[in-house]
Every structure is written in structure tokens, then in C-alpha cells.
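Residue-level structural notes
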Amino acid sequence: MERFRVEADVAVNRANMLTRLWKYAAEVMNSEYLLHAGVFAMVEFDDDIFAAGNCYDKYQYKDYWLFCPYAYRLPEGPILVKDLAVEYKYLKNTSEWFYIARKNAERVIRNYNQFSKGFNTYTYNSTAHTDRVPDEILSVTYDDGKWSKPYYDCGGGNIWMLTYTLITIRLVSGNKEAMKSKDNRKRGEYFVRQRRPPSFPSDSEFNLDYYLKWLPA
């Protein structure tokens, strides 16, 4: 699939950006328009990209059972963004791409050795920056994704296409008291939980989201 490597790398970049936002600025992720704009921009980026989606596991975004902002090209030209989960319940056993993404996530978390590290500084005043603030995420690479075989996609464009599927990793942290709250207890029933890495705080959990990259066959 080297023919579409550049397009797939767009998904890798966006997946790591989402991981970073969920870790350091989770409050902005309450904006559904931000998620719509993200997939819209991916489709705009390259004419070879027919559609792009950001699909979440059950109860992993607000109070939605499933949620998947999905942008695709209409036959007449414009791009439409919608919640694909309204029409397509992708947790079914036939949704191989979602199952494979989950298994790849388990491997990345189990290995716990793919980190992207950097720093941010912010404006202290008109002549100085703040001290450096560490920026570190458990990241994904191209090899963590999976290409599908060509298939006819009903409801997501109604054309033959290939899908490149990739995960984002969302870290959910909180103290023991917070985890006892009603909201966290309810959400916790639906988290995709994995074994905690030995070096990670005992009050943290991993939660998996999925970033999809759709290409025409």
C-alpha cells in the first residue's frame, strides 16, 4: 500500500494529535464541531482521500452509545460531515476494522515503548516565555495501522474503497475518590481497560479511541 503511504501518514499524524489533546486539553474535545472540522480537513487535504472518520467505542464520547464524526465527498462535489454511528453500528462482529484496531491498541499499550516527547512554553508577558512544560504521549506509527481489502461501503459513501485503520490512545487519570463518583463509575463500565504498565500510576487507566482513514480503491 505504498501508493497511499502519504495519505495514511496524515491519519498517523492526526491520531497522535488527538491523543495529545485528550491528555493535555480534554476540555476542548467537548466541541463536536472541532471533531467535525478535523475529519473535514483530512478529506480536503488530498483528492485521493475520499473520506475520514474519528470513531469512538461505546460510551467513550459524552453520553453517546457510539459516536463517529465522518466526512466524505458527495457525488455533486461538496464534503458532508455526519455522525456515522447513527446509521452504522460498527461494534458488530462483521466490523473487522474495529476489532483489529482494538487488538493493535492492546499491543501498543502492552509494549509501552513508543513515546513522542517535547516541550511547550507559553507567553509569560510581552517580553518573556514561561518555563518549559513537558509534552509526552504514547504514540502510534504507520505500522500500528491496518489496511483493509477492497470492499463496497454502504452508508459511508456507497463506493468501493480501502480503509486504513489506526488507533488513538486516551489516558484517563483520577484519584480513588474521583473514581467512586457516579459519573466515573458509569463510564468505567464501558472503558476498554488494559493492564497498567508497571511504571504508571495505579490510579490511571487507558481508554482507546479509533481514528479511521478511508481511501477509494
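For clarity, every value in this text was computed on a predicted model and none was experimentally measured. (Residues numbered from 1 in each chain as written. Predicted model: local features only at pLDDT ≥ 70, side-chain atom pairs only at ≥ 80, totals over all residues. Heavy atoms only, no water.)

1. Examining the state of the cysteines
Two cysteines joined by a covalent bond between their sulfur atoms form a disulfide. To keep it simple, the criterion reads: Any pair of cysteine sulfurs within 2.5 Å is marked as a disulfide. In DSSP terms, a helix is any run of H or I states spanning at least four residues, a strand is any run of E spanning at least two, and both are numbered starting from the N terminus. Think of it in three bands: with a 1.4 Å probe and only protein chains considered, a residue is buried below 20% of the maximum accessible area for its type, exposed above 50%, and partly exposed in between.
With the rule as written, the count across this model stands at one disulfide. A sulfur-sulfur distance of 2.0 Å marks the disulfide that ties Cys55 to Cys68. Placement of the pair is Cys55 in strand 1 (residues 51-56) and Cys68 in the loop between strand 1 and strand 2 (69-73), with a sequence separation of 13 residues. By relative accessible area, which is 0% here, Cys68 ends up buried.

2. Let's talk about the packing of helix 1 (residues 5-24) against helix 2 (residues 32-45)
A pair of packed helices is characterised by two quantities: the angle between their axes and the separation of those axes. The test is simple: Orientation is described by lines fitted to C-alpha atoms, with helices fitted over the stretch in contact, and by angles between N-to-C directions that extend from 0 to 180 degrees. By the definition adopted for this analysis, an angle is roughly parallel if under 35 degrees, roughly antiparallel if over 145, roughly perpendicular if from 65 to 115, and oblique otherwise. By convention, the crossing between two helices is left-handed when the near helix turns anticlockwise from the far helix through less than a right angle, and right-handed when the turn is clockwise. We call two residues contacting when some pair of their heavy atoms lies within 4.5 Å.
Closest axis-to-axis distance for the helix 1/helix 2 pair is 11 Å, and the angle between their directions is 160°. For the element pair helix 1 / helix 2, the angle class is roughly antiparallel. Helix 1 and helix 2 meet at a crossing whose hand is right-handed. The residues of helix 2 that touch helix 1, namely those facing Val10, Ala11, Arg14 and Leu18, are Leu35, Gly38, Val39, Ala41, Met42 and Phe45.

3. Some points on the confidence of the model for the protein
Cut-off, in case you're wondering: Per-residue confidence from the predictor is reported as pLDDT, which spans 0 to 100.
Mean pLDDT over the protein: 77, with 75% of residues reaching 70 or higher. Mean pLDDT across the secondary structure elements of the protein bottoms out at helix 5 (residues 182-188), with 27, and peaks at strand 6 (residues 128-129), with 98. The low-confidence segment residues 173-217 (pLDDT under 50) makes 141 contacts with residues lying over four places distant or belonging to another chain.

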